[in-house]
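Observations on the model geometry
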Amino acid sequence: MKKFWKAFITNLSKLGRAMLIPIVAMPAVGILGRLGAADMLNIPLMETASNAITGNLDMLFAFGACLAFAKSKDKTYPMIGAAAGLFAFKACLTSLNPDIGMGVFAGIVVGTLAAILYNYSREWKTPEMFSFFTGDRFIIVLAPICAIPLALLFNLVWPPIQNGLDSLAMWLASSGVVGIFLFGFLNRALIPVGLHHVINSYLWFQMGSFTTAAGEVVTGDIPRFLAGDPTAGVFMTGLYPVFLFGLPGACFAMYKAAKKEKKAETKSLMISGAATTFVAGITEPVEFMFEFVSPKLYLLHCLYSGLGGAIFYFMNVRLGISYNVDIIDYVLNFNLGSNAIWILPVGILFFFLYYFSFKWVIEHDNIKTPGRTDDDTTTAEITEDEKNFAMNATNIPYLAKKLIENLGGKGNVVSVENCITRLRIEVKDGTAINEEKIRQTGVKGLVKLTDTNIQIVIGKDVQAVKDAMNDLL
């Protein structure tokens, strides 16, 4: 059980780091979508570009999953396989039940499956007449075929989940402060599996009705709020302090907790994420930084999201949205709300609540948030002596060649990565490694983690050695 748990945490951490890659596109989503909106510059083409990215986020996450789990230097084929598999999976799922929507979770599931299939299928032997389709290319054939039974499975699994959440949404609408707290909690908790939209759809566009002065009947929390219904807008209010202040506080905590040598890089990432939540109400760039690497941090985030709604329920603060929970909606809708000025001081408190709690958890549990992932923690702490070590070898390409030879040759090396001082290498057959010959090359040390995973201590020249090895591979 202990071994299984360690493997699970390791793979979850891999997935978490890979999920940082799709968020690079998210600032563009927020900026284009918000600036192009009717209440801003009113440029539909900008919104179209934003919607195009948003509509294909599942594909970006499929690629991220492939990058996390595919065991090869070149991950082109598994990524193409994941794309083909996702096309087939979504089409089959829609054909079976057009009401099913899995969001980015579909990409994560298909991308992970494609990577696992690739790792095994690339070694399968087939008749010579099929040789063009086998090896690394085999996944492009297998992924869409396997997508069919996968769609059949999720056609059975997903509808009961969606229907249950729809019923839950109707219950939340009539449950006072408890319902508001749970809405805030679930609105964030369901983000990773893409089911938050099920609850949102009912509350935003179906719950309640209001007759305008012109006699028009509108339904749903958002349309009723914008039409002037004094009872609407309560469900989104609690997310304002989270989006405008809390998540920027989390960004500041992750920046402060970053390693010294990574602070500059982490700072730019955090500023981008915080600005995107504050200006555009797009929270995924920040949430994806910690939700996969630390369930504890994400649980805190969900609890705080519910807490905001409960606090404002008792303070009689009400402020709905027209586009999203962002500073622009706060300003534009201020006069439609009630006691909305209280969002600012409560929001400042949320900034510090997120900052102190996140920073403590990150440092106490050694969470690998951005800026903390370079050093390999699977071995003893890297010493200053190791960091300052410089190899006597000046012919880096020759050293790389000898290392590959003594690792069992090109065919035995699966991947070569590096941290600050160490090569992190995965091989197919650990018995083919000649440890003594590797030590004779002048490296500072060799650490064998498992039968197929080793680390070679290089020192300051590690990046150059890794690049030379990958050039040869």
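Notes on the structure in this doc start here. What you are looking at is a predicted structure, and each value in this text was computed from that prediction instead of being measured.

How each quantity is defined
- Residues numbered from 1 in each chain as written.
- Predicted model: local features only at pLDDT ≥ 70, side-chain atom pairs only at ≥ 80, totals over all residues.
- Heavy atoms only, no water.
- Pairing = 2+ DSSP bridges.
- Helix = DSSP H or I, 4+ residues; strand = E, 2+ residues; numbered from the N terminus.
- Axes fitted to C-alpha atoms, helices over the stretch in contact; angles between N-to-C directions.
- Contact = heavy atoms within 4.5 Å.
- Expected span 1.5 Å × (residues − 1).
- Core = buried A, V, L, I, M, F, W, Y, C linked by side-chain atoms within 4.5 Å.
- Buried < 20%, exposed > 50% of the residue type's maximum accessible area, 1.4 Å probe, protein only.
- Phe/Tyr/Trp six-rings, centres within 6.5 Å; stacked < 30°, edge-to-face > 60°.

**Comments concerning the sheet that holds strand β3 (residues 413-418)**
One open sheet accounts for four strands, arranged β3-β4-β6-β5; its pairing is antiparallel. The outermost strands of the open sheet, each flanked by one partner alone, are β3 and β5 (445-448). Pairwise comparison of adjacent strand axes, ignoring direction, gives a mean angle of 20° for this sheet. Where strand β4 (residues 422-427) lies against strand β6 (residues 453-457), five bridges are found, and the strand directions are antiparallel. From the neighbouring strand, R424 faces β6, where its bridge partner is Q455. Of the strands in this sheet, β3 and β4 touch helix α21 (residues 462-472), which is tilted by about 155° from β3.

**Details of helix α13 (residues 263-280)**
End to end, α13 covers 25 Å across 18 residues, agreeing with the expected 26 Å (1.5 Å per residue, within 8%). Residue G281 follows α13 closely and has a positive phi angle near 70°.

**Structural notes on the nonpolar core**
Core analysis: the biggest nonpolar cluster contains 62 residues, and F183, I199, L203, Y240, F290, Y354 and F358 have the highest contact counts within it. Per element, the largest residue contribution to this core is eleven residues, and it comes from helix α12 (residues 240-257). Ignoring sequence-local partners within four residues, the contact set of Y354 consists of V242, G246, L247, G249, A250, H301, Y304, S305 and K359. Counting 28 residues, the second largest nonpolar core, distinct from the first, contains A68, F89, L117 and I139.

**Concerning the packing of aromatic side chains**
One pass over the structure, following the stated rule, counts 17 aromatic pairs. Measuring from centroid to centroid gives 4.7 Å for F61 and F288, while their planes differ by 70°, and the two rings are edge-to-face. With F61 in helix α4 (residues 57-69) and F288 in helix α14 (residues 284-290), the pair connects residues that are 227 residues apart, well separated along the chain. Per residue, the accessibility class of F61 equals that of F288, and both read buried.

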